[in-house]
Amino acid sequence: MEHGSFTNDSFASFTLAEEDHTLANAVRFMLNQDPRVTFAGYSIPHPSLECVNVRVQTTGDPAREVLKDACQELMLMNRHVRSVFDKAVSEFKVEQARLAAEEEKNRKAEEEELKKQRDLLASMDIESD
């Protein structure tokens, strides 16, 4: 919901329903990165209310458009973070599989060596006194 002026659209307040500090702080951060923004902040009216008020003031551009652009930039940033995370998880899984295969190979080599030693001991003629 937007609360703004009918005569000047360069400043407005927006209410984001069912949101908290997580989204509000990220949106505030993105807004403050935009050179068109002179002020961006948010408040939570009351801890028991599930809404956030975001205030945007710009150098002249419509606050609604600037907020929309900030949200789109945030979505692009989140996509990038997600792709980097997914790639790291995939690489980790491949490395874990490689290590497990190497461990299995070493275990089998040790078992073979033990078997050879047992066979060698069994084949020896040891006379007891």
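What you see is a predicted model; the values in this text were computed from it and never measured.

Procedures and definitions
- Residues numbered from 1 in each chain as written.
- Predicted model: local features only at pLDDT ≥ 70, side-chain atom pairs only at ≥ 80, totals over all residues.
- Heavy atoms only, no water.
- Helix = DSSP H or I, 4+ residues; strand = E, 2+ residues; numbered from the N terminus.
- Rg over C-alpha atoms; globule rule 2.2 N^0.38 Å.
- Buried < 20%, exposed > 50% of the residue type's maximum accessible area, 1.4 Å probe, protein only.
- Contact = heavy atoms within 4.5 Å.
- Areas by Shrake-Rupley, 256 points an atom, 1.4 Å probe, with all protein chains shown as cover.
- UniProt positions renumbered as here; feature names shortened; annotations may be inferred.

Asker: Which residues make up the overall build of the protein chain, and what are the values?
Answerer: Of regular secondary structure, the protein chain possesses 2 helices and 4 strands. Counting from the amino terminus, helix and strand elements in the protein chain follow one another as β-β-α-β-β-α. Here the protein chain has a C-alpha radius of gyration of 32 Å; the compact-globule value for 129 residues is 14 Å, and the former is much larger. The buried share of the protein chain, taken over its 129 residues, is 18%. In the protein chain, 56% of the contacts between residues at least 6 apart in sequence involve partners at least 24 apart. Accessible area for the protein chain stands at about 10100 Å²; split by element, carbon and sulfur atoms hold 55% of it.

Asker: Please set out the UniProt feature "domain: DNA-directed RNA polymerase RBP11-like dimerisation" (unreviewed entry) in the protein chain residue by residue, giving values where relevant.
Answerer: Mapped onto this numbering, the UniProt entry annotates "domain: DNA-directed RNA polymerase RBP11-like dimerisation" (unreviewed entry) at residues 12-82. Helix makes up 46% of residues 12-82 and strand 30%, with an end-to-end C-alpha separation of 31 Å.

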